[in-house]
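Listed below are the residues making up each chain.
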Amino acid sequence: SAVISQKPSRDICQRGTSLTIQCQVDSQVTMMFWYRQQPGQSLTLIATANQGSEATYESGFVIDKFPISRPNLTFSTLTVSNMSPEDSSIYLCSVPKGQEAFFGQGTRLTVV
Amino acid sequence: GENVEQHPSTLSVQEGDSAVIKCTYSDSASNYFPWYKQELGKGPQLIIDIRSNVGEKKDQRIAVTLNKTAKHFSLHITETQPEDSAVYFCAARGGAGSYQLTFGKGTKLSVIP
């Protein structure tokens, strides 16, 4: 398995501000994924963070809104920019290990 | 792309009874099907998975079945306990070289003591 640590675990932010979420993995991984889980909903893939290249974004998500960094093979950050109440969600990072995929505990974001 | 449908959205069972959650997928190239359990305030936890070359897999009280022809797979929990109460998600992954998972909408399972 993989041990994945996310920070912060939760935050309440003012609209118009930005929040950076950190994801640390206990071993080197080629890819890291960022998901959004809106209240009571399923998981939606935001982007794939690749070390040494730009992140790959899914339809409906753009780099200006969700910039991602991947400085090394164990760490990534996701920034939620210019937040609005609609950004209130749980944000999760995930890493593949072989065929399996493991998740961090999530960052519960509330925008007021 | 892949589309995963999950039913039911909510399920209540008496403690000790069995629970079954069903999922269908659209992409015949999908070859990996995990199930996740998500407790309140936590991230999804992988509880069992099945690959396309296997029809059934069991781990203690949890089992998963896969019908590739019909493109559906199911989670079976026997002898349910209150700590089984959570939201369960099924997922499917595409063919060779794909790491992306497509998730179902989730099933909220409540086990009544």
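Note on numbering: residues in each chain are counted from 1, in written sequence order. As a convention, the first chain written is A and the first ligand written is 1, with the rest following in written order. Since the coordinates come from a predicted model, pLDDT governs what is reported: local features require at least 70, and pairs of side-chain atoms require 80 or more to be given and counted, while whole-chain, interface and lining totals use all residues. Side-chain metrics rest on all non-hydrogen atoms present in the structure, leaving aside hydrogens and water.

Below, the discussion takes up the overall build of chain B. Note on conventions: DSSP H or I runs of at least 4 residues are helices, E runs of at least 2 residues are strands, and numbering of each starts at the N terminus. The secondary structure content of chain B amounts to zero helices and eleven strands. Listing each helix as α and each strand as β along chain B from the N terminus yields β-β-β-β-β-β-β-β-β-β-β. C-alpha atoms define the radius of gyration, and 2.2 Å times the number of residues to the power 0.38 defines the globule rule. Expected size for 113 residues packed as a compact globule is a radius of gyration near 13 Å; at 14 Å, chain B falls within 12% of this value. Projecting the C-alpha coordinates of chain B onto the three principal axes gives extents of approximately 45 × 30 × 20 Å. For the exposure calls, accessible area comes from a 1.4 Å probe over protein chains only, and a residue counts as buried if that area is under 20% of its type's maximum, exposed if over 50%, partly exposed in between. Here chain B holds 113 residues, and the buried ones make up 43% of them.

To continue, consider the nonpolar core. Residues belong to a common nonpolar core when they are buried Ala, Val, Leu, Ile, Met, Phe, Trp, Tyr or Cys residues joined through side-chain atoms within 4.5 Å. Formed by 43 residues in total, the largest nonpolar core has its most connected members in Trp34(A), Tyr35(A) and Phe103(B). In terms of nonpolar packing, the next biggest core, distinct from the first, is built from 24 residues, Leu11(B), Trp35(B), Ile62(B) and Ala92(B) among them.

Attention now moves to the interface of chain B and chain A. By convention, interface size is frequently given as the accessible area that disappears when the constituent parts associate. Contacts between residues were defined by any pair of non-hydrogen atoms, one from each residue, lying within 4.5 Å. The interface of chain B with chain A comprises 18 residues on the first partner and 21 residues on the second. As used here, buried area is the combined drop in accessible area, with a 1.4 Å probe, of two parts when they are placed together. Looking only at chain B, the three residues that lose the most surface to chain A are Tyr99(B), Gln100(B) and Phe103(B), adding up to 31% of its buried area. What counts as a salt bridge is simple: a side-chain nitrogen of Lys or Arg found within 4 Å of a carboxyl oxygen of Asp or Glu. Across the chain B-chain A interface, the total number found is zero salt bridges. Distance and chemistry together define a polar contact, namely a pair of N or O atoms within 3.5 Å, with one atom able to donate a hydrogen and the other to accept it when in protein, and with adjacent residues in sequence counting only for side-chain atoms on both sides. Where chain B packs against chain A, one counts six residue pairs in polar contact (both at pLDDT 80 or more).

Here we come to the pattern of salt bridges. Under the defined criterion, the tally for this structure stands at six salt bridges over all chains. The residue Lys65(A) makes a salt bridge to Asp87(A) at a minimum N-O spacing of 2.6 Å. One end of the pair, Lys65(A), is in the loop between β6 (56-57) and β7 (68-72); the other, Asp87(A), is in the loop between β8 (75-80) and β9 (89-97), and 22 residues separate them in sequence. Between Arg51(B) and Asp49(B) there is a salt bridge; the shortest N-O distance is 3.6 Å. Here Arg51(B) falls in the partly exposed class, since its relative accessible area comes to 27%. On the basis of relative accessible area, Asp49(B) is assigned to the buried category, the value being 3%. Look at the salt bridges and you will find they share partners, linking Lys37(B), Glu39(B) and Lys42(B) into a network.

Here we take up unusual backbone geometry. The linkage connecting Lys7(A) with the following residue, Pro8(A), adopts the cis geometry, with an omega of -10°. Note on placement: Pro8(A) falls in the loop between β1 (4-7) and β2 (10-13). Following His7(B), the chain continues into Pro8(B) via a peptide bond in cis, with omega recorded as -5°. Relative to the helices and strands, Pro8(B) is located in the loop between β1 (4-7) and β2 (10-14). Despite not being glycine, Asn82(A) has its phi angle at roughly 45°, a positive value. Assignment of secondary structure puts Asn82(A) in the loop between β8 and β9. Unlike most non-glycine residues, Lys71(B) shows phi in positive territory, near 55°. Tracing the chain through its elements places Lys71(B) in the loop between β7 (62-67) and β8 (72-77).

What follows deals with the state of the cysteines. What counts as a disulfide here is a pair of cysteine sulfur atoms lying within 2.5 Å. In this structure the tally under the stated criterion is two disulfides over all chains. Each sulfur of the disulfide joining Cys23(A) and Cys93(A) lies 1.9 Å from the other. Here Cys23(A) and Cys93(A) share a disulfide; its torsion about the S-S bond, 70°, makes the bridge right-handed. On the criterion of sequence distance, the pair formed by Cys23(A) in strand β3 (residues 19-25) and Cys93(A) in strand β9 is long-range, its members being 70 residues apart. Of the two residues, Cys23(A) and Cys93(A), neither departs from the other in class, the shared state being buried. One disulfide bridge connects Cys23(B) with Cys90(B), the sulfur atoms lying 1.9 Å from each other. Looking along the S-S bond of the Cys23(B)-Cys90(B) disulfide, the torsion reads about -100°, which is the left-handed sense.

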